[in-house]
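Structural overview for review
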Amino acid sequence: MNQSPSRPSSGLVAALVVTGVLGLTALAATWFVMYDRARTDDAGVQAEATAEYGRRLIAQTNMLIGPDHPDPEMRFAGNRLNCGSCHLQTGEMTGQLSLTETYQKYPRYSGRDGREADLKDRIDGCMERSMNGRVLPRDGVELNAMVAYIKALSEEFAAMPAMAKAINEPSPFRTPERAASPEAGRDVYAEKCALCHGRDGLGLRASADPRRGYIFPPLWGDDTYNNGAGMTRVITASRFIKAKMPFGKPDLTDDEAYDVAAFINAQPRPMMSQDRLNLDYPDKSTKPVDSPYPPFGDPFPAEQHKFGPFQPIEAYYKKK
Ligand code: HEC
Ligand code: HEC
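Below you will find a few notes about this structure. Everything numeric here is computed off the predicted structure, so don't read it as measured data.

When its secondary structure is counted, the protein chain shows 12 helices and four strands. Looking at the protein chain residue by residue over its 320 residues, the buried ones come to 44%. Contacts spanning at least 24 positions in sequence make up 61% of the contacts within the protein chain whose residues lie at least 6 apart. Put simply, the protein chain shows about 17,200 Å² of open surface, and 58% of that area lies on carbon and sulfur atoms.

Following this line, the structure appears as structure tokens:
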């Protein structure tokens, strides 16, 4: 009497187990296919101008719009960095080069462009220089997605409690009153940077597939930011390096950051056409004192714009 219900039920259990196993296999197969698809689709097929796509563009720039993209039309970046190589944690990390308070700043006057620039213009500035590439279509999905992401990020950040906005980095960089020394910087580099970025400064690739980019990005050579980029300004680079490098435990003094920035900037990198650079800062008095490339609006030598000392140049413009 007890057995009769148990028999069909064990059959049922067996049936359920079989269906379950089949179901799981089917699910796993679907997941595998979809996962694979999703990765192929990183090539832009399902691209929509959402904040989520914008976030991926900043995290995986090389994969999505880099120089090895299978579709030549989608090759916008000229190097294999990601925006996130400098705008750490997809721009979410507070402090130097954070994108958490960016959206509200635009449009605003750009000395480099000599006119008011909106957020799209600013992103394109990094596309042409930091990414050594070309501008994105102004009404295209990619630019709109990045704007959507930066907008969402800035709005989220603005709504956060003050405590959560705390900036966790060393005291801000103060420019030493001397010329930076690339020779001294070489030693800092060997001791504090080469471990990750490589003795040759060429970084560490994630895999043999160039679309996977770098684990540790290159600081010089053909595959990094060009000479028109903000990071080639010694003061801008020193600020970032002091605040954020070595990655995870920044501990450089102002002097070390200054010298290692000079050392990096003294190494070869992609060059923008000088004809193009001549157009930067139509009003030369708005050109940052550490902009390393000519023309300059003052009598100081090019060498001093590269390595300092910068205080005399600042004093010259203050007087004017
Ligand atoms: C090699 C480092 C580097 C890379 C890579 C890079 N940027 Fe930048 N970015 C900078 C620097 C330096 C600045 C300027 C900071 C300054 O003016 O002091 C900047 C400024 C910006 C700003 C303005 C921020 C503000 O608050 O005003 C935006 C927006 C921006 N970058 C977006 C991007 C995007 C999008 C990408 C990828 C397509 C990118 N950047 C790649 C270094 C980089
Ligand atoms: C522990 C490894 C590590 C060390 C040591 C380190 N970095 Fe980095 N660095 C990184 C990583 C990782 C990134 C990119 C972050 C990302 O992609 O999320 C980076 C990014 C950078 C960038 C911006 C991206 C680029 O390619 O230009 C600069 C500049 C930089 N590091 C300079 C330095 C300097 C100078 C030192 C030595 C003082 C140093 N780093 C030490 C890991 C390291």
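With that out of the way, let us pick up helix H4 (residues 119-128). In terms of residue burial, H4 counts as a mostly covered element, since eight of its 10 residues are buried. What H4 keeps buried is the set Leu119, Lys120, Asp121, Ile123, Asp124, Gly125, Met127 and Glu128. Close packing links the buried residues of H4 with helix H3 (61-65), strand E2 (115-117), helix H5 (141-158) and helix H10 (274-278). A side-chain oxygen of the first residue of H4 lies 3.1 Å from the backbone nitrogen of Lys120; this N-cap is Asp118.

For the structure on display, the rule yields 16 salt bridges. Residue Lys151 is joined to Glu155 by a salt bridge in which the shortest nitrogen-to-oxygen separation is 3.3 Å. One end of the pair, Lys151, and the other, Glu155, are both in helix H5, four residues apart, so they sit about a helical turn from each other. Using a relative accessible area of 41% as the deciding quantity, one classes Glu155 as partly exposed.

Moving on, we come to the site of ligand 2. Lining the immediate environment of ligand 2, one finds 23 residues, of which Cys193, Cys196, His197, Pro218 and Met245 sit closest. Within the side chain of His197, one N or O atom sits 2.8 Å away from a nitrogen atom of ligand 2. Pro218 has a polar backbone atom sitting 2.7 Å from an oxygen atom of ligand 2. Applying the majority rule of atoms within 2 Å of the grid points places ligand 2 in the second largest pocket. Elements with a contribution of two residues or more to the shell around ligand 2: helix H7 (194-197), strand E4 (214-216), helix H8 (234-244) and helix H9 (254-265). Within the shell around ligand 2, the residues separate by chemical class into 19 nonpolar, three polar and one charged. The residues that make up the shell around ligand 2 include at least three from each of domain 1 (51-165) and domain 2 (182-319).

For the rest of this paragraph, the subject is the coordination of the iron atom of ligand 2. Binding of the iron atom of ligand 2 to the protein goes through His197 (NE2) and Met245 (SD), at separations of 2.0 to 2.4 Å. Given six donor atoms and angles of 86 to 179 degrees at the metal, the environment of the iron atom of ligand 2 is assigned as octahedral. With His197 in helix H7 and Met245 in the loop between H8 and H9, this pair connects stretches of sequence that are 48 residues apart.

Another aspect to go through is the coordination of the iron atom of ligand 1. Those protein atoms acting as donors to the iron atom of ligand 1 are His87 (NE2) and Cys126 (SG), and they sit at 2.1 to 2.3 Å. Angles of 86 to 179 degrees at the metal separate the six donor atoms of the iron atom of ligand 1, which places the site in the octahedral class. Of the two residues, His87 sits in the loop between H3 and strand E1 (108-110) while Cys126 sits in helix H4, which places them 39 residues apart along the sequence. His87 sits in the buried class, given a relative accessible area of 16%.

By volume, the second largest pocket amounts to about 750 Å³. Elements supplying a minimum of two residues to the lining of the second largest pocket: helix H6 (182-192), H7, E4, H8 and H9. A per-class count over the lining of the second largest pocket returns 23 nonpolar, eight polar and four charged. Two domains each provide a minimum of three residues to the lining of the second largest pocket, namely domain 1 (51-165) and domain 2 (182-319).

The rules behind each value
- Residues numbered from 1 in each chain as written.
- Chains lettered and ligands numbered in written order.
- Predicted model: local features only at pLDDT ≥ 70, side-chain atom pairs only at ≥ 80, totals over all residues.
- Heavy atoms only, no water.
- Helix = DSSP H or I, 4+ residues; strand = E, 2+ residues; numbered from the N terminus.
- Buried < 20%, exposed > 50% of the residue type's maximum accessible area, 1.4 Å probe, protein only.
- Contact = heavy atoms within 4.5 Å.
- Areas by Shrake-Rupley, 256 points an atom, 1.4 Å probe, with all protein chains shown as cover.
- Polar contact = N/O pair within 3.5 Å; in protein donor to acceptor, adjacent residues only side chain to side chain.
- Salt bridge = Lys/Arg side-chain N within 4 Å of Asp/Glu carboxyl O.
- Near = heavy atom within 4 Å.
- 1 Å grid on protein atoms, 1.4 Å probe; cavity = no way out; pocket = protein on both sides within 12 Å on 5 of 7 lines; lining within 4 Å.
- Sits in = over half its atoms within 2 Å of the grid points.
- Nonpolar A, V, L, I, M, F, W, Y, C, P; charged D, E, K, R; others polar.
- Domains from an automatic or database assignment.
- Donors = N, O, S within 2.8 Å, 3.2 Å for Na, K, Ca; no water.
- Tetrahedral: all angles 85-135°; square planar, octahedral: opposite > 155°, others 65-115°.
- Points joined across faces, edges and corners; volume = space filled by probe spheres on them.

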